[in-house]
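Geometric and topological summary
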Amino acid sequence: MSDRQEQWQAAERLALTLADGGLQRMAARTLAVFLFTDQDSVTAGDIAERLDASAGSVSGAVKSLLLVGLIERLPAPGSRREHYRLRDDAWATLFTSQNPVIQVMIQAAQAGIDTTAADDPAHRRLTQMRDFYQFMLNEIPALLERWQQHQGS
């Protein structure tokens, strides 16, 4: 077996692990392509070919990875295809306020709080949800600073 085949088998194993952890299977497989590619950027067509997947399923996976900030769209002058790459700060972005999913969770919890009475158990649970995500957002800057210091050492 070639080194490249072993790498793609490792990529598929990683994708299965990510899917077991809650990521949609196609998004997990697409993320694995970004992690294991030797190219500076890839197109949706490249991903579909690598995964032997439909354009529609790859498009949905790319959108979800864009949404959480793991990948970014790149300018590609002269190309009619969109090019994407894994963000250099992908993992930090995933856990920051730049991640719209965290903001949506806070907003959704607040909307539920606004519609429930203070003595309603749902109100208490939603308040805990909102407060958890807000606490995490407040703690992230110091954590990321420590991460950057760790990376620099």
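Whatever comes next refers back to the structure up there.
Please read all numbers here as calculations on a predicted model, not as lab measurements.

**Brief notes about the side chain of H83**
Within the secondary structure, H83 is located in strand 3 (residues 83–86). Judged by its relative accessible area of 18%, H83 is buried. Separated by 3.2 Å, the side chains of H83 and S79 make a polar contact. Beyond its immediate sequence surroundings of up to four residues, H83 is in contact with S41, V42, T43, E72, R73, L74 and A76.

**What about the packing of helix 1 (residues 3–20) against helix 2 (residues 25–36)?**
For the pair helix 1 and helix 2, interaxial distance at closest approach is 8 Å and the crossing angle is 140°. In terms of their interaxial angle, helix 1 and helix 2 are classed as oblique. As helix 1 runs across helix 2, the sense of the crossing is right-handed. Residues R4, Q7, W8, A10, A11, E12, L14, A15, L16, L18 and A19 of helix 1 form the contact with helix 2, whose own contacting residues are R25, A28, R29, L31, A32, V33, L35 and F36. Here the residues of the contact of helix 1 with helix 2 sort into 14 nonpolar, 1 polar and 4 charged.

**Notes on helix 6 (residues 100–114)**
The end-to-end C-alpha separation of helix 6 is 21 Å, in line with the 21 Å expected for 15 residues at 1.5 Å each. Where helix 6 is concerned, the buried positions are I102, I106, A109, G112 and I113. Projected onto a plane normal to the axis of helix 6, the buried residues spread over an arc of 125° and lie on a single side. Away from its buried face by more than 90 degrees, helix 6 exposes Q107 and D114.

Procedures and definitions
For every chain, the first residue of the written sequence is number 1, and numbering continues from 1 onward in sequence order. At least 70 in pLDDT is required for a residue's local features to be given in this predicted model, at least 80 for side-chain atom pairs to be given and counted, and no such filter applies to totals for whole chains, interfaces and linings, which use all residues. Where side-chain values are given, they derive from all heavy atoms of the structure, hydrogens and water being excluded. Going along the chain from the N terminus, every DSSP run of H or I of four or more residues is numbered as a helix, and every run of E of two or more is numbered as a strand. Relative accessibility decides the category of a residue: with a 1.4 Å probe and only protein chains considered, values under 20% of the type maximum give buried, values over 50% give exposed, and everything between is partly exposed. For this analysis, a polar contact is any N or O atom pair within 3.5 Å, provided that within protein one partner can donate a hydrogen and the other can accept it, and provided that sequence-adjacent residues contribute only side-chain to side-chain pairs. Any two residues whose heavy atoms approach within 4.5 Å at even a single point are treated as in contact. To obtain each axis, a line is fitted to C-alpha atoms, and for helices this fit is confined to the stretch in contact; angles are then taken between N-to-C directions over 0 to 180 degrees. Comment on the angle field: the value is read as roughly parallel under 35 degrees, roughly antiparallel over 145, roughly perpendicular from 65 to 115, and oblique elsewhere. Crossing handedness follows the turn of the near helix against the far one: under a right angle anticlockwise gives a left-handed crossing, and clockwise gives a right-handed one. Gly counts as polar in this scheme, as do all residues outside two lists: the nonpolar Ala, Val, Leu, Ile, Met, Phe, Trp, Tyr, Cys and Pro, and the charged Asp, Glu, Lys and Arg. Expected helix span is computed as 1.5 Å times (number of residues minus one). Here the arc refers to the set of directions running from the helix axis out to each C-beta atom.

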